Amino acid sequence: MPPLLRATPRQRAFQAFPAARSGVSVTRLGYCRFASSSQKSVHGTTTSRRTCTPSVNRQRSALISSSLSWNIQQKWSSTVAIDPKMYTTSFAFFEALWDAGVTHVFVNLGSDHPSIIEAMVKGAREKKGQFPRIITCPNEMVAMSMADGYARLTNKPQAVIVHVDVGTQGLGAAVHNASAGRAPILVFAGISPITQEGELRGSRTEFIHWIQDVPDQKQIVAQYCRYSAELKTGVNVKQMVNRALQFAKSAPQGPVYLCGSREVMEQEIEPYNIQQDEWDPVELGGLPGSAVSKIAEALASAERPLLITGYAGRNPDMPAKLVELANTVKGLRVLDTGGSDMCFPADHPAWLGLRYGNEEAIQTADTIIVLDCDVPWIPTQCKPRSDAKIFHIDVDPLKQVMPLFYIKAQARYRADAMASVDQILAALQSDESLRAKLAGRASEQRWTALQTSYRERIDGIASRARPLDNGEFGTGHLCSKLRELCPEDTIWAVEAVTNTLFVHDNIQPTKPGQWINCGGGGLGWSGGGALGVKLASDHEAKLQGHEHGKFVVQIVGDGSFLFSVPGSVYWIAKRYNIPILTIVLNNKGWNAPRRSLLLVHPDGLGAGATNDDIHIAFNPSPDYAGIAKAAAGGDVFAERVDQAADLVDVLKRAIQAVQNGQTAVVDCKVASGC
């Protein structure tokens, strides 16, 4: 390495300009350098006594004119000439991401990222095909929501880079969603430079570096993260990245946060590699033997068995495994209370659909298995009968990030869901006494009753999804038509809030990974989330030799659409050619606050008030499709529909537009309650 690059910035100035060695130091004044007499500090470094005499000015002119590069690039004492072969912490950071399987980095760059930008350019030039793809996101929440959607579909962590404290705050509700939704994401942010007089490359050079210096930046998001840390040196950056990703990928998965100063990220280090296979996530085991016997016996003996889940479908093999369990324990019903993933197919008689902790089957079941689920029931609305046998199997049965959580249960087990169900199935299928119970007449009667109730449920859903007599339509009818018209393997990215149950009932997902709902309560997820899902689907398809991935539909409430920062979402969709179909459920406001109000004050003053009176109405109604079209420079299929007679034609044209590579946004005026 040339001496100039091995030395400190101040030493490099002396090496590059011999004239500076004769007792003259180089520092800054305004936007230029000036020369002054120098003295040694107590630390042995050169400090400046700022004077500006004619003689000094001549020395300054000589120094500046001695190098064109110095004149152009070196305005500040914290900057030096850059060798294109230089290997920095930032470049090693990107190498670590790529080696760990991170293929996309969603960025919103700022003053803390000079070395990050240098590394990105270097990577694009020198490591094409072995460097993460960079996606520019004009808004931080959209960036993290894209990483969330990508990770949720593929189970592969992705990365987000944001700008110091303000960019970290800009992530907003997306951090909550990733945490609650168990999405593995690595977030990196710079921190304000830790030196201010040019002691190190990356030292403070801008006014804002003082304003954005906060006591502990990582605490902004630490309570939502599985791990948070500051990078304090470049020599172990790859180990730190992989340690963070171990937390992100270990159950319960979730976001992690790293930050580092400009000086640390600018640090030159020797190139190095680590053994990637030594950094796998922690694996959970199955149930203890006694638990398997106890649970298998309870299921085989139950008259009204019920399994409640929320996240089990994150493993794409789990829906089929639950089907096998339902076919073995005839009469077992499966309820999805989280809606985060497609956990159980809608074409099986055991399907109870998606309900948020309020379902009659919870109150009547005599044996309940709670499997990877955060909120199996809401006690003030619905709870199990007092003699029900309840077993809780979860990667985090204590819900360690929830200050208040408990359910009545005979036993709780920290275990992997797939391994646990495998064990229970093996016991049910191998134990003669249990097989006898499962093959009895009572079991067959339960199976017949289950099929009858399933047909009634499906018929009831279809009946409620008919258009209204005045020609309008509800969310149920809209989604039944979407299911008919969209490709069979469509991926649904859903953020429908109060309309979610109508959406799920009528979409009736049957394929693993087909349904991805917002993991938490931070509205605005689905814009970036749907883009991330589509980006992931396309990328995975190309790896397998296909031209395109699956068709992706975002179904979003009008209020959530505004939260999603559509100006950023549809610019990204156009910039990176990520075509999706967005369906806006336009019910002219936020209905969730009214629902919450009525649950607490059913006869209160607000019960009879209008939406305008309680400040949840959108009057006038925004042009949602027009907003998207403007953000994409006019290149969006944009339509509005409010009559059932026009719906099919509009949807067909929108679907065709997306299949032709153009994003489509359809603003659908929907009636409430159906």
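Check the entry above for the structure.
Residues numbered from 1 in each chain as written. Predicted model: local features only at pLDDT ≥ 70, side-chain atom pairs only at ≥ 80, totals over all residues. Heavy atoms only, no water.

(A) Layout of a nonpolar patch on the surface. Together, L109, I117 and V121 line one region of the surface with nonpolar side chains, adding up to about 210 Å² of accessible area. Tracing the backbone through its elements, the reader meets V121 in helix 6 (residues 114–126). (Patch = residues over 30% accessible without salt bridge, like charges linked within 9 Å, V, L, I, M, F, W, Y side chains within 5 Å. Areas by Shrake-Rupley, 256 points an atom, 1.4 Å probe, with all protein chains shown as cover. Salt bridge = Lys/Arg side-chain N within 4 Å of Asp/Glu carboxyl O. Helix = DSSP H or I, 4+ residues; strand = E, 2+ residues; numbered from the N terminus.)

(B) View of the nonpolar core. Membership of the largest hydrophobic core comes to 54 residues, with the highest contact counts inside it found for F106, M144, M146, V160 and I572. With seven residues, the top contributor of residues to this core is helix 7 (residues 140–154). The residues touching I572, leaving out its near neighbours within four places in the chain, are I135, T136, C137, P138, V142, M146, L531, N577 and I578. Within the second largest apolar cluster, 42 residues are counted, among which are A291, M318, V329 and Y454. (Core = buried A, V, L, I, M, F, W, Y, C linked by side-chain atoms within 4.5 Å. Buried < 20%, exposed > 50% of the residue type's maximum accessible area, 1.4 Å probe, protein only. Contact = heavy atoms within 4.5 Å.)

(C) Representation of the environment of R355. Relative to the elements of secondary structure, R355 occurs in the loop between strand 12 (351–354) and helix 15 (360–364). The sequence separation of R355 and T337 amounts to 18 residues, and the corresponding C-alpha distance is 5.1 Å. Non-local contacts of R355, meaning those with residues more than four positions away in its chain, are made with L335, D336, T337, L501 and D505.

(D) Region of interest: the pairing of strand 20 (residues 637–641). Two elements, strand 20 and strand 21 (residues 664–669), share five bridges in a ladder whose sense is parallel. Looking at the pairing, R640 lines up with D667 of strand 21. With helix 26 (residues 644–659) bridging strand 20 and its parallel neighbour strand 21, the resulting β-α-β unit is right-handed. (Pairing = 2+ DSSP bridges. Right-handed = clockwise from strand over helix to strand, strands pointing away.)

(E) Region of the structure containing the pattern of salt bridges. Per the stated rule, a full pass over the model turns up 29 salt bridges. Across the salt bridge formed by D213 and R204, the nearest N and O atoms sit 2.5 Å from each other. Residue D213 is classed as partly exposed on the basis of its relative accessible area of 41%. As a salt-bridge pair, D422 and K321 come within 2.8 Å of each other at their nearest N and O atoms. With D422 in helix 16 (residues 417–430) and K321 in helix 14 (residues 318–328), the pair connects residues that are 101 residues apart, well separated along the chain. Residue class for D422 comes out partly exposed when judged on its relative accessible area of 33%. The buried category is assigned to K321, whose relative accessible area is 19%.

(F) Seen up close, unusual backbone geometry. Going from A251 to P252, the amide bond is cis rather than trans, its omega being -5°. Residue placement: P252 occurs in the loop between helix 11 (237–249) and strand 9 (255–261). The phi angle at R182 is positive, at roughly 60°, despite the residue not being glycine. Along the chain, R182 falls in the loop between helix 9 (173–180) and strand 7 (185–191). Take R182: its relative accessible area is 9%, and that puts it in the buried class. Phi at V497 takes a positive value of approximately 55°, unusual for a residue other than glycine. Mapping V497 onto the fold places it in the loop between strand 16 (491–495) and helix 20 (500–507). A residue is classified by how much of its surface remains accessible, and V497, at 34% relative accessible area, is partly exposed.

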